[in-house]
Amino acid sequence: MKILVVDDFSTMRRIIKNLLRDLGFTNTAEADDGTTALPMLQNGDYDFLVTDWNMPGMQGIDLLKAVRADAKLANMPVLMVTAEQKREQIVEAAQAGVNGYIVKPFTALTLKEKLEKIFERIE
Amino acid sequence: MLEAEGLITEDNIARVKDLLATMEAGNEAGVKEVLDELTHIRESDIYQEMGKLTRELHDAIKTFGMDDQIANITEHDIPDARARLKHVIDMTDKAANRTMDAVEESLPICAGMESRSSNLHEAWARFRQRDMDVNEFRELAQQLGTFLDENTIDAGKVRNSLNDILMAQDFQDLTSQIIKRVIALVEQVEDKLIGLVSLTSEQFDKTIEHKEKNGLEAAGPAVPGLDDAGVVSGQDEVDDLLSSLGF
């Protein structure tokens, strides 16, 4: 399972990568916003996307919409990990087809639960 | 804006009576002359009022511009605050990375201790049940010796990492001091801005409605007590909201 972690803060990318490794996902790559992430997704063989919302360049919500609009990527599971916690935003992400939504600050257990739930639904 | 009683004077009443008489007499040129005179009186009042306002505004701007503190804030304090806040970001970034370095060093050490312990467990259990011959016991004793040596070294490494994590938290004290200074500056700027607003507008309306941001614009982390409207309080509420949407 190859996972792309998108966040503009390197510390947050590092935290998520460490947590993913602890859960057994060792094949991860990083991008610092949607603009760099989208071509990586289009040209790579990623199975899963973890993205922040608020980033310079292309925001996470727009990356999610671009992924859903791309025939090759449309079915890729997307987990949002973000500090954005307005109800409208969560609804917007749900309507755009997000598979899971985690608000920062979060715990290792939350990440584990959401990942398991997403995989459960896919199987 | 113009004083009503300033217009109703005996002179003006005489002028209006004159105007009526001139009109009734059919004197076209005379009517024009009286009307011009009246218009002139009215215009000069407006010019005077405008002149007064311009002077007041000019004085206000001069007073405001001559305030050394404002010049100082603009030229020095704000760029200074910007640099200090940048330093706060650098310090927190460094602390986070230093902490994660220490954690990443310790994790494989702990994993090693864990696997060595579980390897010994099985042999140790057989020894306790006296299900072990002399040769096996000799091997176990050797393994135990190595285990204790390695554990002593590894525990020391983990202790060093933990101390390093502890020391990396010193940023909190330093960044708080810097941020407090910037808050004091923001208060000063606020005072000056209130002064400016009340100079330029006599009816400074303190109840001006806070313009709501577009809900779908990224708002950044919600601050308790400031961003409570329309915001979920944590992961549980996110989960409830999503499950109400059929997730």
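Everything below is about the structure printed above this text.
Along every chain, residues carry numbers that run from 1 in the direction the sequence is written. Chain labels run from A onward and ligand labels from 1 onward, assigned in the order the entries are written. Reporting of local features is limited, given that this is a predicted model, to residues whose pLDDT is at least 70; pairs of side-chain atoms are given and counted only at 80 or more, and all residues count toward the totals for whole chains, interfaces and linings. Hydrogens and waters are ignored; side-chain quantities use all the structure's heavy atoms.

### A few points about helix α4 (residues 87-95) of chain A
Right, on to step 1. Here's how the labels work: a residue is buried when its accessible area is under 20% of the maximum for its type, exposed when over 50%, partly exposed in between, all with a 1.4 Å probe on protein chains only. Numbering of helices and strands runs from the N terminus; a helix is a DSSP stretch of H or I covering at least four residues, while a strand is a stretch of E covering at least two. Those residues of α4(A) not exposed but buried are A:Q89, A:I90, A:E92, A:A93 and A:A94.
Right, on to step 2. Any pair of residues with heavy atoms lying within 4.5 Å of one another is described as a contacting pair. Close packing links the buried residues of α4(A) with α3 (60-69), β4 (78-82) and β5 (100-103) of chain A together with α7 (235-244) of chain B.

### Looking at unusual backbone geometry
Right, on to step 1. The omega angle of the peptide bond from A:K104 to A:P105 is -5°, so this bond is cis rather than trans.
Right, on to step 2. Take A:P105: it is sitting in the loop between β5 and α5 (108-122).
Right, on to step 3. Of note, the phi angle at B:R130 is positive, near 55°, even though the residue is not glycine.
Right, on to step 4. Topologically, B:R130 is positioned in the loop between α4 (68-128) and α5 (134-168).

### A word on the packing of α4(B) against α5(B)
Residues and elements named next belong to chain B.
Right, on to step 1. What counts as an axis is a line fitted to C-alpha atoms, over the stretch in contact for a helix, and the angles between N-to-C directions run from 0 to 180 degrees. α5 packs onto α4 with a crossing angle of 160° between their chain directions and a minimal axis gap of 9 Å. On the basis of their axis angle, the class for α4 and α5 is roughly antiparallel. Taken as a pair, α4 and α5 cross one another with a handedness that is left-handed.
Right, on to step 2. Residues are grouped as follows: Ala, Val, Leu, Ile, Met, Phe, Trp, Tyr, Cys and Pro are nonpolar; Asp, Glu, Lys and Arg are charged; all remaining types, including Gly, are polar. By residue class, the composition of the contact of α4 with α5 is 19 nonpolar, 6 polar and 9 charged. The labels follow the angle: roughly parallel below 35 degrees, roughly antiparallel above 145, roughly perpendicular from 65 to 115, and oblique for the rest. Left-handed describes a crossing whose near helix is turned anticlockwise from the far helix through less than a right angle; right-handed describes the clockwise counterpart.

### Some words on the sheet that holds strand β2 (residues 28-31) of chain A
Residue and element names in this part refer to chain A.
Right, on to step 1. In spatial order, the strands read β2-β1-β3-β4-β5; together these 5 strands make up an open sheet with parallel pairing. Lying at the two open borders of the sheet, with one neighbouring strand each, are β2 and β5. Neighbour-to-neighbour, the strand axes of this sheet turn through a mean angle of 20°, independent of strand direction.
Right, on to step 2. Relative to strand β3 (residues 48-51), strand β1 (residues 3-6) runs parallel, the two being bridged by 4 bridges. When the sheet's bridge partners are listed, V5 is paired in β3 with V50. When DSSP locates at least two bridges between a pair of strands, those strands are taken to pair.

All quantities given are derived from atomic positions and should not be read as evidence of function.
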